[in-house]
Amino acid sequence: MFSENQLLANISLYWFTGAIGSSFWPYYARQHRAWPLPGPVAVPTGYAEFPAEILRPPRSLAERAYADIRRWTVMKKGGHFAAMEQPDALAGEVREFFRPLRSGV
């Protein structure tokens, strides 16, 4: 459960930065046409699958759009608001994704 302050801070971040519209776009697009797949995306890509997420694409589908998937992790818990629900787990996953990429700089 999130506190009122957490929810207001999260909503404010989207609203005051002008990102609220683009954050709703995937939901709108999904309701009005086939799911848009980007591609081909050639940069190194990582994916953290949270079990309570709204959509969890199979890796085989993701590989059609993302040519260089370097990390695909099934997380133990969390969902659509992973950064608020499981911040330490998400931060750790981001660090692990970038760790091997930093050595090549």
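Coordinates for the structure precede this section.
Nothing here was measured: the structure is a model prediction, and the numbers come from that model. (Residues numbered from 1 in each chain as written. Predicted model: local features only at pLDDT ≥ 70, side-chain atom pairs only at ≥ 80, totals over all residues. Heavy atoms only, no water.)

Colleague: How would you summarise the overall build of the protein chain if you had to cite specific residues and measurements?
Modeller: Broken down by element type, the protein chain carries five helices and two strands. Seen in sequence order, the protein chain has helices and strands lined up from the N terminus as α-α-β-α-β-α-α. Reported as C-alpha extents along the three principal axes, the dimensions of the protein chain are approximately 40 × 35 × 25 Å. For the protein chain, buried positions account for 16% of its 105 residues. (Helix = DSSP H or I, 4+ residues; strand = E, 2+ residues; numbered from the N terminus. Buried < 20%, exposed > 50% of the residue type's maximum accessible area, 1.4 Å probe, protein only.)

Colleague: Pulling in residues and values, what's your account of the environment of Gln 86?
Modeller: Among the secondary structure elements, Gln 86 is positioned in the loop between helix 4 (82-85) and helix 5 (87-102). Along the backbone, Gln 86 and Arg 64 are 22 residues apart, and their C-alpha atoms lie at a distance of 28 Å. Excluding residues within four positions of it along the chain, Gln 86 makes contact with Phe 50, Lys 77 and Gly 78. (Contact = heavy atoms within 4.5 Å.)

Colleague: How would you sum up the pattern of salt bridges? Please name residues and give values.
Modeller: By the definition in use, this model includes five salt bridges. The partner of Asp 68 in a salt bridge is Arg 70, and the shortest N-O contact between them spans 2.9 Å. Its salt-bridge partner being Arg 71, residue Glu 93 comes within 2.5 Å of it at the nearest N-O pair. Here Glu 93 is found in helix 5, whereas its partner Arg 71 is found in strand 2 (residues 69-74), with 22 residues between them in sequence. (Salt bridge = Lys/Arg side-chain N within 4 Å of Asp/Glu carboxyl O.)

Colleague: I'd like a description of the side chain of Thr 45, backed by residues and values.
Modeller: Of note, Thr 45 is situated in strand 1 (residues 45-49). Given a relative accessible area of 15%, Thr 45 falls into the buried group. Within the structure, the side chain of Thr 45 is placed 3.0 Å from the backbone oxygen of Val 43, a separation counted as a polar contact. Among residues more than four places away in sequence, those in contact with Thr 45 are Tyr 66, Asp 68, Ile 69, Arg 70, Arg 71 and Phe 97. (Polar contact = N/O pair within 3.5 Å; in protein donor to acceptor, adjacent residues only side chain to side chain.)

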